[in-house]
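Residue-level structure breakdown
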Amino acid sequence: MLIVLASSVTLLILLNVVTRSVNYSIYWVDEMAIYAMIWLVMVGASVTIQKKQGISVTLLEGVVGERVWGVFLLIVDALILLFSIALIWLSWIWYDPLTLMSLGFDKDAFSGSTFNYIYDEPTLTIGVPKFLVWLIMPFTAVTMTIHAAANLFSRRKSI
């Protein structure tokens, strides 16, 4: 998926450059490239957590003992887990599915009662409902939480 997203960003930007050079701009290309880049970053973040390949400062690793370094890594895993759980909670508040269901999936009633227009806004040039594009947020939050919890429990066993 990451290869497809990265390739699509590259191809969309290249298409944009070519079409603008001949004075025939295709406006939806910019928006698609932006959304592909956002999805690339979000999915990539989850994969990075799963593979434990995040950027880290290893300056202290040689100074402190192995046990202390393990405790530092355990704290980092716990913070990532807390962040990803907070992201799930914020996504839940943002999408507010219970209120939407209670209003019979009426988008106008939902917007009127919550002042949350997530289900009403279409993308600027593509015309797709933005909430579909933004579904990457709760997806990433859930996958990051699963990966962070697995990392935390596996590291906890090794200390």
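Residues numbered from 1 in each chain as written. Predicted model: local features only at pLDDT ≥ 70, side-chain atom pairs only at ≥ 80, totals over all residues. Heavy atoms only, no water.

1. So, the nonpolar core
Core analysis: the largest hydrophobic core is formed by six residues, namely I49, L81, M144, A148, A149 and L152. At four residues, the largest contribution of residues to this core is made by helix α7 (residues 136-158). Those residues in contact with A148 that sit more than four places away from it in its chain are I49, I80, L81 and S84. (Core = buried A, V, L, I, M, F, W, Y, C linked by side-chain atoms within 4.5 Å. Buried < 20%, exposed > 50% of the residue type's maximum accessible area, 1.4 Å probe, protein only. Helix = DSSP H or I, 4+ residues; strand = E, 2+ residues; numbered from the N terminus. Contact = heavy atoms within 4.5 Å.)

2. Some thoughts on the confidence of the model for the protein chain
Averaged over all residues, the pLDDT of the protein chain is 92; the fraction at 70 or higher stands at 99%. No element of the protein chain has a lower mean pLDDT than α7, which averages 92, and none a higher one than helix α4 (residues 97-102), which averages 96. (pLDDT = per-residue confidence, 0-100.)

3. Observations concerning the packing of aromatic side chains
Counted by the stated rule, this structure contains six aromatic pairs. On the numbers, 6.1 Å between centres and 70° between planes, the contact of Y95 with Y119 is edge-to-face. Residue Y95 is located in helix α3 (residues 66-95), and its partner Y119 is located in the loop between α5 (107-114) and α6 (130-133); the two are separated by 24 residues in the primary sequence. By the ring-pair criterion, three or more aromatic residues cluster together here, those being W94, Y95, F110, Y119, F131 and W134. (Phe/Tyr/Trp six-rings, centres within 6.5 Å; stacked < 30°, edge-to-face > 60°.)

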